[in-house]
Amino acid sequence: MTLAQPALTMPTEAELVARAEAMIPALRTRAEEADRLCRLPTETIRDFQDAGFFKILQPRRYGGYEMDPQTFYAVQMKVAAGCMSSAWVLGVVAVHNWQLALFDARAQEDVWGSDPATLISSSYMPKGKATPVEGGYRVTGHWGFSSGVDHCEWAFLGGQLIDPETGKPDFVTFLIPRKDFTVLPVWDTIGLGATGSHDVTVKDVYVPAYRVHRSKDGFAVTSPGLKVNDAPLFKLPFGQVFVRAVSSSSIGALQGALDIYRDAGAKRVSHNDASSAAQDPATQELIAETAAAIDEMKATLNRNFDHLNACARTGQAAEVETRLTFRYQSAQVSGRCADLISRIFHASGAEGIFRGRPIARIFCDIHAGRTHVANNPAKVGRNFGNVLLGAPNADSFI
């Protein structure tokens, strides 16, 4: 039985963003040590819990806020201005609270029945080998890049099953408890070091069928969890919600870099000719271009979800071409941010190359985030362009 939840005092988006902004100094202070330890401090996860960030996309029946995704991404981007690793973990872990709402009600109860604050990590690589057995599957596999796993008691792990209707492979997510998987501490990287995105292994573990979520249900908005979580939030396409959780932190991190660069530029004087950086036309243009790009990327994100939310509220499906457009725009974000942070890094001069300097860390973090498969626009763009030329859509992750 779902635990009875006390009446919630719902924060506003402005209040949540203000809480995130107040954390920026602490996040910046913790960043270097977190990178060294290859994991977020427990204090950071506790701060996120206390601020209600993990509740933003969580169902109300388990104490969540069920707010629009724009609110969540606004909070994530503000956190990223202090520490992109912290925002990355917040993004992927908190969005799992939204995905769990799509699972069968029994799976939701398994995770949140005794503690609605329980967190879930993931690796969606289709590495799981599943053997059908009575009532479910025996699963074995080895997955990489499970961000924030040190702080989570369950994991979403990817695999493939044969769709009984089409006979073709279908991507699925298995929900597996901590007692049934092993964490291999392999994470040691030049960027996003504090995300603790370690490997996870599972050996011949039973997973009941109700703890499996099919990608085709996420694409078609026919997930079993909609029987108990019928708010428009949960009628959004899975591919649209998840990809923004791994691209939006780059926007926030770029904003953090811009803030630091502006502050330094206002004071910096060249050692060579005593000229002021603030009077340098190239500096002025770079600051303007970066600020405008950040504003544009945020505006696009909010416009896209305004459209998707409107479709969900009216029960209409967004057109495939529209979903492809939005998916491609998300995939472009990391590359645009990487190009701009590269220019800021170079414009910062020799002062920016020392270990521990914020600009250097942000440079590495944004470039690391760009390597996520969801942030690679090439494959997405080819499919999108092909559809625009009259071919059928070949991607269900939209």
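Residues numbered from 1 in each chain as written. Predicted model: local features only at pLDDT ≥ 70, side-chain atom pairs only at ≥ 80, totals over all residues. Heavy atoms only, no water.

Attention shifts here to the overall build of the protein. A tally of helices and strands in the protein yields eleven helices and seven strands. Here the protein has a C-alpha radius of gyration of 21 Å; the compact-globule value for 398 residues is 21 Å, and the two agree. Taking the principal axes of the C-alpha coordinates as reference, the protein spans close to 75 × 50 × 40 Å. Out of the 398 residues belonging to the protein, those deemed buried represent 52%. Counting contacts in the protein only where the partners sit at least 6 residues apart, residues at least 24 apart contribute 75% of the total. When the accessible surface of the protein is split by element, carbon and sulfur atoms take 53% of a total near 17,700 Å². Here the protein contributes 40 positive and 42 negative side-chain charges, whose respective centroids are spaced 3 Å apart. (Helix = DSSP H or I, 4+ residues; strand = E, 2+ residues; numbered from the N terminus. Rg over C-alpha atoms; globule rule 2.2 N^0.38 Å. Buried < 20%, exposed > 50% of the residue type's maximum accessible area, 1.4 Å probe, protein only. Contact = heavy atoms within 4.5 Å. Areas by Shrake-Rupley, 256 points an atom, 1.4 Å probe, with all protein chains shown as cover. Lys, Arg positive; Asp, Glu negative; His and termini not counted. Charge placed at Lys NZ, Arg CZ, Asp CG, Glu CD.)

Attention now moves to the packing of helix 9 (residues 320-347) against helix 11 (residues 377-388). Relative orientation of the contacting elements helix 9 and helix 11 amounts to 155°, with a least axis distance of 9 Å. Taken together, the axis directions place helix 9 and helix 11 in an arrangement best described as roughly antiparallel. Like other packed secondary-structure pairs, helix 9 and helix 11 cross with a definite hand, here left-handed. Every residue of helix 11 that contacts helix 9 at Glu321, Leu324, Thr325, Arg327, Tyr328, Ala331 and Gln332 is listed here: Pro377, Val380, Gly381, Asn383, Phe384, Val387 and Leu388. (Axes fitted to C-alpha atoms, helices over the stretch in contact; angles between N-to-C directions. Parallel < 35°, antiparallel > 145°, perpendicular 65-115°, else oblique. Left-handed = near helix turned anticlockwise from the far one by under 90°.)

This paragraph deals with the packing of aromatic side chains. The description of an aromatic ring pair uses the distance of the two centres, along with the angle that the planes make with each other. In this structure the tally under the stated criterion is 16 aromatic pairs. Taken together, the ring pairs in this structure connect Trp98, Tyr124, Phe238, Phe242 and Phe397 into an aromatic cluster. Arg323 extends its terminal NZ or CZ atom over the ring of Phe219, reaching a point 4.6 Å from the ring centre. (Phe/Tyr/Trp six-rings, centres within 6.5 Å; stacked < 30°, edge-to-face > 60°. Lys NZ or Arg CZ within 6 Å of the ring centre and 35° of its normal.)

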